[in-house]
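One-letter residues, chain by chain:
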Amino acid sequence: MRRRSLAVLASVPLLFAAACGSGGGAATGTASGSPAGAVSELKVTGAANAKPTVAFPAKVVETSSYQVITPGTVGAAAKEGGSVVANFTVYTWDGKENKLAGSTYDEGGPQLITMNEQVPQILRKGFAETKGGGRFLSVVAKDALPAAQQAQAPAGQSQVFVVDVVGVPESKAAKGEATDPGLKGVKVDNPGGDAAPKLTTKTKEKAPKELVAKTVIKGSGPEVKSGQSILVQYAGKIWGSDLEFDSSWSRGGEPIMFQIGTGKVIKGWDQGLVGVPVGSRVLLSIPPDLGYGKQGSGEKIKGTDTLVFLVDVVAAY
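Here's what I pulled together on the structure shown here. Residue numbering note: each chain is counted from 1, following its sequence as written. This being a predicted model, a pLDDT of at least 70 is required before a residue's local features are given, and a value of 80 or more before pairs of side-chain atoms are given or counted; all residues contribute to the totals for chains, interfaces and linings. Excluded from the side-chain calculation are hydrogens and water; included are all heavy atoms of the structure.

### Some words on the pairing of strand E7 (residues 135–140)
The condition that has to hold: Here the term buried applies to any residue with accessible area under 20% of the maximum for its type, exposed to any over 50%, and partly exposed to those in between, with areas from a 1.4 Å probe on protein chains only. Put simply, DSSP marks the helices as runs of H or I at least four residues long and the strands as runs of E at least two long, and each gets a number from the N terminus on. The criterion for strand pairing is that DSSP finds at least two bridges linking the strands in question.
Of all 6 residues in E7, 6 are buried, a share of seventy percent or more. Every second residue of E7 is oriented toward a common face, with Arg135, Leu137 and Val139 on one face and Phe136, Ser138 and Val140 on the other, all of them buried. When strand E3 (residues 65–70) meets E7, the two strands line up antiparallel, connected through 5 bridges. Within the sheet, the bridge partner assigned to Val68 lies in E7 and is Phe136. Of the pairings in the sheet, the one linking E7 to strand E8 (residues 158–167) comprises 6 bridges and is antiparallel in character. Bridging across to E8, Arg135 finds its partner in Asp164.

Structure follows, in structure tokens:
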């Protein structure tokens with residue numbers, strides 16, 4: 001949870017939108033997995049789990065292509081309509097400056113990407129052939145954009161993506177034996193499987209003044225470490241009113257990802273989720289000073305509100 005909004009993390013990363021255009025419609029470009037494509041003109045160096053560097057020739061190739069550099073060995077490759085966790089580094093290939101457009105390695109961690117039509121087909125092809133631990137290279141030219149956007153694309157340049165696949169999430173919820181969190185005033189109903197749990201915070205009980213973190217389902221994975229990017233499902237309500245102010249479950253049940261323990265989310269999440277085993281469901285009661293402070297957030301969260309979250313830690317990277 002970012003300090004101001006969780007919803008932004010549910011969208012396609014900004015680098016994809018900036019590099020590939022925005023708006024509806026499927027990408028219609030062709031793809032070539034052959035070294036004879038534009039990718040053969042580029043040289044990528046650096047380890048697959050670190051920010052790469054790319055050497056560019058002077059002449060820009062304005063035809064989309066891709067090439068798997070390292071196929072990877074962990075888990076399965078991403079499927080259409082599914083999600084994948086990846087790091088990506090993007091350059092604007094113009095034959096002159098070839099500027100770095102952005103990199104997740106500079107932004108604090110990998111991103112969760114949904115394999116839908118917002119991701120150009122040429123990139124989806126690369127993802128389909130690359131497992132966790134692998135890397136692929138793709139030139140995304142204007143022929144990869146929807147037809148309506150091709151005329152607006154700048155001439156004489158292409159985008160170059162170096163993508164490091166971290167893995168494909170295997171679950172959307174915590175699974176296992178659920179226990180009563182034992183926090184007076186709060187109820188949790190655990191239906192099991194991938195179904196959304198129900199959090200109820202309608203109560204006359206006084207809210208705890210300190211941070212409370214209670215395990216509902218204890219996961220069997222490794223403990224979350226500060227600095228990792230974690231994949232979570234969550235629901236957030238106001239203590240006493242049962243007002244839901246945010247929920248990944250209510251937005252279609254797709255997990256979101258963010259970095260934990262580094263001040264990029266509210267203090268209650270940083271303090272309450274570091275050390276939790278992956279696969280756990282955790283109930284957090286967060287006082288105002290560890291939430292949004294005296295200023296609150298938006299129209300729903302006041303500066304005096306205690307926040308209650310039910311969080312499933314699905315994965316950590």
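### Examining the pattern of salt bridges
Pairing is possible between side chains of opposite charge, provided their charged atoms come close. As a reminder, the rule being used: Here, a salt bridge means any side-chain nitrogen of Lys or Arg that lies within 4 Å of a carboxyl oxygen of Asp or Glu.
This structure, assessed with the given rule, holds 9 salt bridges. The salt bridge partner of Lys51 is Asp106, with a shortest N-O separation of 2.8 Å. Of this pair, Lys51 sits in the loop between strand E1 (43–45) and strand E2 (53–55) while Asp106 sits in helix H2 (residues 104–107), placing them 55 residues apart in sequence. On the accessibility criterion, Asp106 (46% relative accessible area) is partly exposed. Asp164 serves as the salt-bridge partner of Arg135, at 2.5 Å between the closest nitrogen and oxygen.

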